[in-house]
Amino acid sequence: MSAASLLAAGQRFLRDNFPAVIEIGGARHACATSGLRRGMALADGGAEISRAVSFWVPLQAFVSAGQSIPREQTPVYWEGEEYTVESVSVDPARINVILACTARPQ
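Read on for an overview of the structure. Quick caveat: nothing in here was measured; it's all calculated off a predicted structure.

Regarding the overall build of the chain
Then step 1. Summing up its helical and strand segments, the chain has two helices and seven strands in all.
Then step 2. Its helices and strands in sequence order give the chain the pattern α-β-β-β-β-α-β-β-β, from N to C terminus.
Then step 3. Buried residues in the chain amount to 29% of all 106 residues.
Then step 4. Accessible area for the chain stands at about 6700 Å²; split by element, carbon and sulfur atoms hold 54% of it.

Brief notes about unusual backbone geometry
Then step 1. Even without glycine at this site, Gln73 takes up a positive phi of about 75 degrees.
Then step 2. Positionally, Gln73 belongs in the loop between helix H2 (59-65) and strand S5 (75-78).
Then step 3. Look at Gln73 and you get exposed, because its relative accessible area is 52%.
Then step 4. Unusually for a residue other than glycine, Arg94 sits at a positive phi of about 60 degrees.
Then step 5. Position of Arg94 relative to the elements: it lies in the loop between strand S6 (81-90) and strand S7 (96-103).
Then step 6. On the accessibility criterion, Arg94 (56% relative accessible area) is exposed.

Examining the pairing of S7
Then step 1. Of all eight residues making up S7, six are buried, and the element is well covered by its neighbours.
Then step 2. Two elements, strand S4 (residues 46-58) and S7, share seven bridges in a ladder whose sense is antiparallel. Bridge pairing in S7 places Val53 opposite Cys101.
Then step 3. Here S6 runs beside S7; their pairing, made up of seven bridges, is antiparallel. Across the sheet, Val90 pairs through a bridge with Val97, a residue of S7.

Parameters at a glance
Residues numbered from 1 in each chain as written. Predicted model: local features only at pLDDT ≥ 70, side-chain atom pairs only at ≥ 80, totals over all residues. Heavy atoms only, no water. Helix = DSSP H or I, 4+ residues; strand = E, 2+ residues; numbered from the N terminus. Buried < 20%, exposed > 50% of the residue type's maximum accessible area, 1.4 Å probe, protein only. Areas by Shrake-Rupley, 256 points an atom, 1.4 Å probe, with all protein chains shown as cover. Pairing = 2+ DSSP bridges.

In structure tokens:
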């Protein structure tokens with residue numbers, strides 16, 4: 001199995017098992033997520049719960065909507081929560097934009 005086909009299979013798995021819908025330029029697009037990841041870290045005053053999620057958004061969604069790819073520190077909303085884009089990358093096949101996001105600590 002080639003690296004490209006392995007990557008495509010992984011992206012299909014994520015899309016099928018951790019789906020999401022995003023809105024870009026007024027159009028809704030299906031995408032995949034990593035699923036919500038939670039963690040805990042010590043901070044001043046006690047422990048903070050952190051939440052993170054990554055989205056695999058089809059690059060074509062941005063192109064067809066005439067929208068630029070979001071930049072780091074852009075706010076995004078998913079399931080009623082505000083997240084911040086921490087990093088942006090494009091997969092090697094140039095099919096998906098990967099937005100790695102974190103939520104404000106609770």
